[in-house]
Amino acid sequence: MSDGQASPLLTPDGAEDEHRPVGKVVLIAVDGSENSFYAFRWYLQRFHQPGHTIVILHCPELKSVMKVPLRSTDHHCVNAMVREHDQVVTTLVDKIKDILKSAKVNARLIKQSGDPGHVIVKVANENKATLIVTGSRGLSSARRTLIGSVSKYVLHHAQCPVLICRKDVAT
Amino acid sequence: MGRTDLLAIDGSKHSKYAFDWYLENMYREGDTVVLIHCAEYHIDVGLPGIAADVDAICAAVKKQNDDIGKLTDDFMNVLRQKKIKAELLTPTGERPGELIVKVAKEKNVASIILGTRGLGTIRRTLLGSVSEYVVHHSHCPVTVVREEKQDS
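Note that the structure is predicted; figures quoted are calculated from it, not measured.

Thresholds, definitions, all that
- Residues numbered from 1 in each chain as written.
- Chains lettered and ligands numbered in written order.
- Predicted model: local features only at pLDDT ≥ 70, side-chain atom pairs only at ≥ 80, totals over all residues.
- Heavy atoms only, no water.
- Helix = DSSP H or I, 4+ residues; strand = E, 2+ residues; numbered from the N terminus.
- Buried < 20%, exposed > 50% of the residue type's maximum accessible area, 1.4 Å probe, protein only.
- Contact = heavy atoms within 4.5 Å.
- Expected span 1.5 Å × (residues − 1).
- Salt bridge = Lys/Arg side-chain N within 4 Å of Asp/Glu carboxyl O.
- Core = buried A, V, L, I, M, F, W, Y, C linked by side-chain atoms within 4.5 Å.
- Buried area = accessible area lost by both parts, 1.4 Å probe.
- Nonpolar A, V, L, I, M, F, W, Y, C, P; charged D, E, K, R; others polar.
- Pairing = 2+ DSSP bridges.
- Right-handed = clockwise from strand over helix to strand, strands pointing away.

(A) Summary view of the overall build of chain B. Helix and strand counts for chain B stand at four helices and five strands. Secondary structure elements of chain B occur, N-terminal to C-terminal, as β-α-β-α-β-α-β-α-β. Across the 152 residues of chain B, 42% fall into the buried class. Across chain B, contacts joining residues at least 24 apart in sequence account for 76% of those joining residues at least 6 apart.

Listed below in structure tokens is the structure:
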């Protein structure tokens, strides 16, 4: 894994065959939340081995952005919310890229739209992932459940081991 | 500077798979493994209302103990052969999920690894009750090891 390479491969949408990752693929699902960032860092410190190929899957869920009922016809208002959300996510993804670069670890970054749970499971299957890493909850503001809906979905429907990384519990 | 991981086993092929998967994919040189077996006993005491056969129950309990002993020995032998620092715990008294979470906290483990389901016979859920409980209540990361889809 040389550090002279250009920044990690960035595929706009989905994976192309010639870039299919080799070795044990670990899929890390991030959504811009602190939880998923923690899960990523935890994986890198605790789990990562040279034989693992990291695939960072970024699947933004705009549903969680719309905190007001969409009766608002104010374009500016909606655009502002979407932009703010994008900014949060971009900041986090940049942080991840920086950490990968300084750790001299190569990773693929995939960004896909759609229902996050389904997308995560689909991409994991496509890449024959050895493991899926996810936080326990994401950006959603609902705090009544111990585990978020996406993590729950992935846990139940993945066809490979799933690592649920909790951050919000006091140790 | 290794970490400590907690592996929950119960005699099912799922936990054996999780154990093997852990060794192959997650274990790193210097880590310590805490193996925990706290599965509930399954003893058939016959129909309720009919005087229970005490001898039969005692024999059944002893057999379960022996089976568990053999099972945990097998796992510990594998760890010993690979020169992995390991500790075996076989607590009882509470529900397995609660015990796993409690021990993980007491031992301050880095993570918990377990299968999707164990010896239970109910197959309607996607995730067994113990695994479900541990994922929801653990204070540390939990890896649920799901086997690849097979025809079943």
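Following the structure, the description resumes.
(B) Structural detail: helix H2 (residues 75–102) of chain A. Residue and element names in this part refer to chain A. For H2, spanning 28 residues, the distance from its first C-alpha to its last is 40 Å, which sits close to the expected 40 Å at 1.5 Å a residue. Inspection of H2 places Val 78, Met 81, His 85, Val 89, Leu 92, Val 93, Ile 96 and Leu 100 among the buried residues, and these make up the whole buried set. For H2, the secondary structure elements touched by its buried residues are strand S2 (24–30), helix H1 (34–46), strand S3 (52–58) and strand S4 (107–111). Count one or two residues on from H2 and you reach Lys 104, which has phi positive near 55°.

(C) Just the pattern of salt bridges, in detail. A complete count under the given rule lists nine salt bridges over all chains for this structure. One salt bridge connects Lys122(A) with Glu126(A), and the closest N-O pair in it is separated by 3.5 Å. A residue pair is termed a helical-turn pair when its members lie 3 or 4 positions apart in one helix, as Lys122(A) and Glu126(A) do in helix H3 (residues 116–126) at four residues. The partly exposed category is assigned to Glu126(A), whose relative accessible area is 35%. Across the pair Glu87(B) and Lys107(B) runs a salt bridge whose closest N-O atoms are separated by 2.8 Å. Of this pair, Glu87(B) sits in strand S3 (residues 85–89) while Lys107(B) sits in the loop between helix H3 (96–106) and strand S4 (111–115); the two residues are 20 residues apart in sequence, bridging distant segments of the chain. Residue classification places Glu87(B) among the partly exposed residues on the basis of a relative accessible area of 29%. Look at Lys107(B) and you get partly exposed, because its relative accessible area is 34%.

(D) Region of the structure containing the nonpolar core. Counting 41 residues, the largest nonpolar core has Ile28(A), Ile54(A) and Ile56(A) as the members making the most contacts within it. Among residues more than four places away in sequence, those in contact with Ile54(A) are Val26(A), Ile28(A), Tyr43(A), Leu44(A), His48(A), Leu100(A), Val105(A), Asn106(A), Ala107(A) and Arg108(A). Counting residues in each nonpolar core, the second largest holds 40 residues, with Ala29(A), Leu6(B), Cys38(B) and Leu99(B) among its members.

(E) Quick look at the interface of chain B and chain A. Chain B puts 30 residues into the contact, and the matching count from chain A is 27 residues. Between chain B and chain A lies a buried interface of about 2,600 Å² when both sides are counted; carbon and sulfur atoms form 53% of it. Viewed at the interface, chain A and chain B are joined by two salt bridges. Across the salt bridge formed by Asp5(B) and Arg46(A), the nearest N and O atoms sit 2.3 Å from each other. Those elements giving two or more residues to the side of chain B that touches chain A turn out to be helix H1 (13–26), helix H4 (129–137) and strand S5 (142–145) of chain B. With five residues, the top contributor of residues to the side of chain B that touches chain A is H1(B). Partitioning the side of chain B that touches chain A into residue classes produces 13 nonpolar, seven polar and 10 charged. Where strand S6 (residues 162–165) of chain A meets S5(B), three bridges bridge the pair, whose relative direction is antiparallel.

(F) Looking closely at the pairing of strand S2 (residues 32–37) of chain B. All names here are of chain B. When you tally the buried positions in S2, you get five out of six residues, the bulk of the element. Remark: the strand S1 (residues 4–9)/H1/S2 crossover connection has right-handed handedness. Taken together, the five bridges between S2 and S3 define a ladder with parallel strand orientation. Among the inter-strand pairings, Leu 35 is bridged to a residue of S3, identified as Leu 88.

Nothing here speaks to function; it is all geometry.
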